[in-house]
Amino acid sequence: MIAARFSRIGFILAAAGSAVGLGNIWKFPYITGENGGGAFVLIYLMAITFIGLSIFIAEVAMGRLSRSDAVSAYESLAPKPGPWKFAGFTLLTGILILTYYPIVIGWVFKYIWVAATHLPTTVEASGAAFGEMLTQDASGQIFYFTLAFLCTFLIVSMGVKKGIEKLNLVLMPLLVIILLLLFCYAITLDGFDDALKFLFVADFSKVRATSVMEAVGHAFFTLSLGMCCIMTYSASLPENANIVRSSFTVAVLDTAIALVAGIIIFSLIFSFNAEPGQGPGLLFISLPPLFAQLGMAGTLGATLFFVAVAFAGVTSCISIVEPGVLYLTNRLNWSRPLALLAIGGVAYSLGLLALLSNIEHTGDSLKLFGMGAFDLFDFTSSSILLPLGGILVAVFVGYVMEKQKLEHLLLPYMHPRLFHCWYFSIRYLAPAGVVAMMINKLAA
Ligand code: PFF
């Protein structure tokens, strides 16, 4: 059992802070660009509604009913003792994500500085600068990675109420304000109408064979599902919270922020006739020279933009640490500092390996299964372990837990018909969707 509780708004902002991250501002726009725009957005919205939200509510229910760490949650909610408690160890996926997520936050920190002082003016210069940072500049990247790591662990060390809740209460509204300011600016750009058309007019001829599965995979990552993160935050839900409305609010906020980020980015892209399907380099390579063409306003806009991405990244990163910390403090009675030191020590060391695997003269010796450590950690966590965690949640809640417990918890907040839809989804739709996505990723 844990004592610290969020306030109602604190929970919503903390869960939204976890969900809204690099996935929304970096990944969503570039995969939408690669998958042809509007039709992909439509598929993504369906994946969020029918698969993401169902598993989200299932994780919230497990956390709220058990009020405990993930391992204890599986153990206490299973009708009889057995191996289900081991499913709680999917929280370990967080350690793997913690190896590379702060590296990308580190790049964002560096780009706040680049944006404020010397935006590259051509795509060639921008690509060369990013490539140089990624493959040559080990010490610079280690500096920013360490900074991202320290910020994250400092906040988590202050606990759920004083650290996590307080930070989210400040950063999430600031993030929304910055994005709205940039959105207002985007309205004035020539490419705004084209951006809206690109994102909201569905042309199914542009969808690729893998688009549906990519949408499911992203719905999953963006809602922070599959590594007991939402379950862990939900263990600190206040007694009287409407958990269905809170879950819905988080999913809507997460989606809205991804769409607003997409509108801002594509307004710039179309204003300068740039190419929308440029892949992962969209944020760090394509955008800076476009901002540079807008003079002072561009410098200010780019700086604010990267500050917003940094806020989104840090609020997500802290949520990745908490499941492991709660397990070690609640279940093994470790002190919070010791838990943080252990998790931080492992993740930081592996993170250094991941970072050095991208550097030219160290990369070759840090390859496993033909992949650099950075790519390997990313692939293992997002293509294998997160989907696995999601399948376990869906099967556990849909088939193992007593239905009565779920009805008792959810029916006060849900029309019985909606409850049946959700229960159907968690038993059939969600596991089938996630298994298909996993197979698709592994076969790619
Ligand atoms: N939802 C975050 C994003 O979109 O960037 C990433 C994430 C956070 C994944 C927390 C998983 C997690 F547990």
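Refer to the structure above for everything that follows.
How each quantity is defined
- Residues numbered from 1 in each chain as written.
- Predicted model: local features only at pLDDT ≥ 70, side-chain atom pairs only at ≥ 80, totals over all residues.
- Heavy atoms only, no water.
- Helix = DSSP H or I, 4+ residues; strand = E, 2+ residues; numbered from the N terminus.
- Rg over C-alpha atoms; globule rule 2.2 N^0.38 Å.
- Buried < 20%, exposed > 50% of the residue type's maximum accessible area, 1.4 Å probe, protein only.
- Areas by Shrake-Rupley, 256 points an atom, 1.4 Å probe, with all protein chains shown as cover.
- Lys, Arg positive; Asp, Glu negative; His and termini not counted.
- Charge placed at Lys NZ, Arg CZ, Asp CG, Glu CD.
- Core = buried A, V, L, I, M, F, W, Y, C linked by side-chain atoms within 4.5 Å.
- Contact = heavy atoms within 4.5 Å.
- Near = heavy atom within 4 Å.
- Polar contact = N/O pair within 3.5 Å; in protein donor to acceptor, adjacent residues only side chain to side chain.
- Nonpolar A, V, L, I, M, F, W, Y, C, P; charged D, E, K, R; others polar.
- Phe/Tyr/Trp six-rings, centres within 6.5 Å; stacked < 30°, edge-to-face > 60°.
- Lys NZ or Arg CZ within 6 Å of the ring centre and 35° of its normal.
- Axes fitted to C-alpha atoms, helices over the stretch in contact; angles between N-to-C directions.
- Parallel < 35°, antiparallel > 145°, perpendicular 65-115°, else oblique.
- Left-handed = near helix turned anticlockwise from the far one by under 90°.
- Patch = residues over 30% accessible without salt bridge, like charges linked within 9 Å, V, L, I, M, F, W, Y side chains within 5 Å.
- Salt bridge = Lys/Arg side-chain N within 4 Å of Asp/Glu carboxyl O.

Asks: Looking at this model, I keep getting lost on the overall build of the protein. Mind explaining?
Replies: Looking only at helices and strands, the protein features 19 helices and two strands. Taking 2.2 N^0.38 as the reference for a compact globule, 444 residues should give roughly 22 Å; the C-alpha atoms of the protein span a radius of gyration of 21 Å, in line with that estimate. When the backbone C-alpha atoms are referred to their principal axes, the protein occupies close to 65 × 45 × 40 Å. Each of the 444 residues in the protein was classed as buried or not, and the buried ones make up 59%. As displayed, the protein offers around 17,200 Å² of accessible surface, 69% of which is attributable to carbon and sulfur atoms. Once the 23 positive and 23 negative side-chain charges of the protein are each reduced to a mean point, those two points are 15 Å apart.

Asks: Looking at this structure, how should I read the nonpolar core?
Replies: Judged by nonpolar contacts, the single largest core of 161 residues is most densely connected at Phe284, Phe305, Val397 and Trp422. Of the residues forming this core, the biggest block, 16 residues, is contributed by helix α12 (residues 243-271). Sequence-distant contacts of Val397, that is, excluding residues within four places in its chain, are made with Ala58, Met62, Leu406, Trp422, Tyr423 and Ile426.

Asks: How do you make sense of the environment of Gln278 when you look at a structure like this?
Replies: Along the chain, Gln278 falls in the loop between α12 and α13 (287-292). Between the alpha carbons of Gln278 and Glu34 there is a distance of 6.8 Å; along the sequence they are 244 residues apart. Aside from chain neighbours lying at most four places away, what touches Gln278 is Ile269 and Ser286.

Asks: When you look at the site of the ligand in this model, what are you seeing that I'm missing?
Replies: Around the ligand lies a shell of 15 residues, among which Gly23, Tyr101, Phe221, Ser224 and Met227 are the nearest. Note that an oxygen atom of the ligand is positioned 2.6 Å from one of the side-chain N or O atoms of Tyr101. Residue Thr222 places a main-chain N or O atom 3.2 Å away from a nitrogen atom belonging to the ligand. For the ligand, the protein covers 100% of the area, taking 340 Å² as the surface of the free molecule. Secondary-structure elements contributing two or more residues to the shell around the ligand are α1 (8-19), α2 (22-34), α10 (211-222) and α14 (295-331). Classifying every residue of the shell around the ligand gives seven nonpolar, eight polar and no charged.

Asks: Even after reading the chapter, I still don't get the packing of aromatic side chains, so can you show me in this structure?
Replies: For any pair of aromatic rings, the description rests on two quantities: the centre-to-centre distance and the angle between the ring planes. Enumeration according to the criterion identifies 34 aromatic pairs in this entry. The interplanar angle of 85° and the centroid separation of 5.7 Å between the aromatic rings of Trp107 and Phe284 together place this pair among those described as edge-to-face. Remark: Phe284 occurs in the loop between α12 and α13 and Trp107 occurs in helix α5 (residues 93-117); sequence separation between them is 177 residues. Both residues of the pair, Trp107 and Phe284, belong to the buried class. Clustering of aromatic rings is evident, with ring pairs tying together Trp26, Tyr30, Tyr100, Trp107, Tyr111, Phe130, Phe284, Phe291, Phe305, Phe306 and Phe374. Above the ring of Phe221, the side-chain terminus of Lys27 is found at 5.5 Å from the ring centroid.

Asks: How should I be thinking about the packing of helix α7 (residues 138-157) against helix α15 (residues 336-357) in this particular structure?
Replies: A pair of packed helices can be characterised by two numbers: the angle between their axes and the separation between those axes. Running from amino to carboxyl end, α7 crosses α15 at an angle of 160°, the nearest separation of the two axes being 11 Å. As summarised for this structure, α7 and α15 are arranged roughly antiparallel, according to the angle between their axes. For the crossing formed where α7 meets α15, the hand is right-handed. From α7, Ala138, Gln141, Ile142, Phe145, Thr146, Phe149, Phe153, Val156 and Ser157 reach across to α15, where they touch Arg336, Leu340, Ile343, Gly344, Ala347, Tyr348, Gly351, Leu352, Leu355 and Leu356. Tallied by class, the residues present in the contact of α7 with α15 amount to 13 nonpolar, five polar and one charged.

Asks: In this structure, what is going on with the environment of Pro289? I would like to understand it.
Replies: Within the secondary structure, Pro289 is located in helix α13. Under the relative-accessibility criterion, Pro289 is labelled buried at 2%. Separated by 174 residues in sequence, Pro289 and Ala115 have C-alpha atoms that sit 9.8 Å apart. The residues contacting Pro289, other than those within four sequence positions of it, are Pro120, Thr121, Thr122, Val123 and Ser126.

Asks: Which parts of the structure should I look at to understand the packing of helix α3 (residues 38-66) against α12?
Replies: The interhelical angle for the contact between α3 and α12, taken along N-to-C directions, is 145°, at an axis separation of 10 Å. The interaxial crossing formed by α3 with α12 has right-handed handedness. Contacts between α3 and α12 involve Val41, Tyr44, Leu45, Ile48, Leu53, Phe56, Ile57 and Val60 from the former and Ile243, Ser247, Phe248, Val250, Ala251, Asp254, Thr255 and Leu259 from the latter. In terms of residue class, the contact of α3 with α12 is made up of 13 nonpolar, two polar and one charged.

Asks: Looking at this structure, I do not really get a nonpolar patch on the surface. What am I missing?
Replies: Where nonpolar side chains cluster on the molecular surface, the patch consists of Ile9, Leu169, Val170, Leu174, Ile177 and Leu181 and spans about 520 Å² of accessible area. With five residues, the top contributor of residues to the nonpolar patch is helix α8 (residues 159-187). Residue placement: Ile177 occurs in helix α8.

Asks: In this structure, what is going on with the pattern of salt bridges? I would like to understand it.
Replies: Should their charged atoms come close, side chains of opposite charge can pair. One pass over the structure, following the stated rule, counts nine salt bridges. Across the pair Glu75 and Arg331 runs a salt bridge, and its minimum N-O distance is 2.7 Å. Here Glu75 is found in helix α4 (residues 70-77), whereas its partner Arg331 is found in helix α14, with 256 residues between them in sequence. Salt bridges linked by common partners bring Arg5, Arg64, Arg67 and Glu239 together as one network.

Asks: Please clarify how unusual backbone geometry should be interpreted in this entry.
Replies: Comment: phi is negative for the bulk of residues other than glycine, and the bulk of peptide bonds are trans. At Ser224, a residue that is not glycine, the phi angle is positive and equals roughly 60°. Mapped onto the secondary structure, Ser224 falls in the loop between α10 and α11 (229-234). A relative accessible area of 11% means that Ser224 is categorised as buried. Even without a glycine there, the phi angle at Asn333 is positive, about 60°. On the secondary structure map, Asn333 appears in the loop between α14 and α15.

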